[in-house]
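# Remarks on the overall topology
One-letter residues, chain by chain:
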Amino acid sequence: MTVRDILIHPDPRLKKVCAPVGDITPALQTLADDMLQTMYEAPGIGLAAPQVGELKRLLVMDCVKEEGAPPRPMVLFNPEVTWASDATNVYEEGCLSIPDQYADVERPAEVKVRWTDRDGQTQEEQFDGLWATCVQHEIDHLNGKLFIDYLKPLRRQMITRKMVKLKRERARL
Ligand code: K2U
Ligand code: ZN
């Protein structure tokens, strides 16, 4: 497995609507495995394919937070939200493509998601808590949407300006 570079906002690839995947090929399984390794190494609890420059509808997540609990790595191809609760949750979100910036985002508290798993099987599951927040954050990535798109324009512009500066500094190293 390979740890891949994570794209930093602003980057046009992070604003694209990603293409659905077809058959789950060994290459796609390798991409998913690389994304899981990249996510754990970041560390993070979710990662979407466009964040590593692959404009495909694929996300990985593992939101297990309890110390010592077994990890639950999940691979979701072509994920779709089939139901969302009226009840909402506010969570202080971050993003591996927008490092060190956090803001409150309100989302449905529970969502039902249908997807194709790593073995090509169709799965459907209802998520709540941090899993619900994370899967919605990752599906937004597949539609070119970032958590800062939910913020007021001035706050979003401030964060974007900080990322432009960060990228300039990283380019000089
Ligand atoms: O997609 C990503 O950039 C990874 C995100 C996933 C995520 C964001 C907000 C809320 C839930 C999940 C994170 O950067 S992973 C880092 C993290 C870890 C614990 C809690 C929140 C965020
Ligand atoms: Zn993100």
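Residues numbered from 1 in each chain as written. Chains lettered and ligands numbered in written order. Predicted model: local features only at pLDDT ≥ 70, side-chain atom pairs only at ≥ 80, totals over all residues. Heavy atoms only, no water.

Check the secondary structure of the chain and you find three helices and seven strands. Start at the N end of the chain and walk to the C end: the helices and strands fall as α-β-β-β-β-β-β-β-α-α. Computed over C-alpha atoms, the radius of gyration of the chain comes to 16 Å, within 12% of the 16 Å expected from 2.2 N^0.38 for 173 residues, which places it in the range of a compact globule. Considering only C-alpha atoms, the chain reaches an extent of 45 × 40 × 35 Å along its principal axes. (Helix = DSSP H or I, 4+ residues; strand = E, 2+ residues; numbered from the N terminus. Rg over C-alpha atoms; globule rule 2.2 N^0.38 Å.)

For the rest of this paragraph, the subject is the coordination of the zinc ion (ligand 2). Under perfect tetrahedral coordination by four donors, a metal shows angles of 109.5 degrees; under perfect octahedral coordination by six donors, it shows angles of 90 or 180 degrees. For the zinc ion (ligand 2), the protein coordination sphere consists of Cys95 (SG), His137 (NE2) and His141 (NE2), at 2.1 to 2.3 Å. Summarised as a motif, the one-chain spacing of the donors to the zinc ion (ligand 2) is C-x41-H-x3-H. Of this pair, Cys95 sits in the loop between strand 4 (88–93) and strand 5 (103–108) while His137 sits in helix 2 (residues 129–142), and the two are 42 residues apart along the sequence. Neither residue differs from the other here; Cys95 and His137 are each classed as buried. (Donors = N, O, S within 2.8 Å, 3.2 Å for Na, K, Ca; no water. Buried < 20%, exposed > 50% of the residue type's maximum accessible area, 1.4 Å probe, protein only.)

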